[in-house]
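Report on the structure
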Amino acid sequence: MINKYPENANYVNLLREKEGVNNDNKENFEKNVKILDELIKEYPKSQMLRRYRLRFLEGEAFKNAFDEYIRPFFIKALPSVFSDVKELCRDAEKLKIIEDLIVSHKDSLETKNTFAGSDVQEAPTSVLWSYLFLAELYNFKGEYNKALDYVEKVIRSIKIFIV
């Protein structure tokens, strides 16, 4: 069924169950990543598989995979990205990594118009999407003043792009 519906997490869970790793215990993280890596090779366009894989990564591996996952959303100007990754923010370690990464991208986009660690020039709107993501992130964290600051930056940026 995965070959017909690679965006359906239920089928991935059934496969994980068949492989004996249908739980999210840390001792099964490597097995889960291996299963998902194989599925991603088979279905490289599946966003769900890439996002699902992030659940089982930690530390630097999580940071690199999250960065690879998130950049296209900013480049393509897809505003739904935070709701797409919100479940990852329930893990304090991942939340910190996500926040640090997006802040570094925002800083780099503001000053050099590139993502952090890249020399590729991005569209001027990419920074706008980093502001929106940070507004949603800080709202999620309950840091409402920071969230409002980023909402105001979004509004100011939109005025610049419209005029």
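Summarised in this report is the structure supplied together with it. Note that the structure is a prediction, hence the values are computed from the model and not measured.

Focus on the environment of Leu-134
Here Leu-134 shows up in helix α7 (residues 126-141). Separated by 56 residues in sequence, Leu-134 and Leu-78 have C-alpha atoms that sit 14 Å apart. Those residues in contact with Leu-134, other than ones at most four positions away along the chain, are Ile-102, Val-103, Lys-106 and Tyr-150.

Details of the environment of Lys-76
Tracing the backbone shows Lys-76 in the loop between α4 (59-75) and α5 (81-85). Judged by relative accessible area, Lys-76 falls into the exposed class, the value being 59%.

Concerning the packing of helix α3 (residues 47-54) against α4
Helix-helix packing is characterised by the crossing angle of the two axes and by the distance between the axes. Close contact between α3 and α4 brings their axes to 10 Å; oriented N to C, the two are set at 145°. Here α3 runs over α4; the crossing is left-handed. Facing α3, whose interface residues are Gln-47, Arg-50, Arg-51, Arg-53 and Leu-54, α4 presents Phe-62, Ala-65, Phe-66, Glu-68, Tyr-69 and Phe-73. Of the residues in the contact of α3 with α4, the class split is six nonpolar, one polar and four charged.

Basis of the calculations
- Residues numbered from 1 in each chain as written.
- Predicted model: local features only at pLDDT ≥ 70, side-chain atom pairs only at ≥ 80, totals over all residues.
- Heavy atoms only, no water.
- Helix = DSSP H or I, 4+ residues; strand = E, 2+ residues; numbered from the N terminus.
- Contact = heavy atoms within 4.5 Å.
- Buried < 20%, exposed > 50% of the residue type's maximum accessible area, 1.4 Å probe, protein only.
- Axes fitted to C-alpha atoms, helices over the stretch in contact; angles between N-to-C directions.
- Left-handed = near helix turned anticlockwise from the far one by under 90°.
- Nonpolar A, V, L, I, M, F, W, Y, C, P; charged D, E, K, R; others polar.

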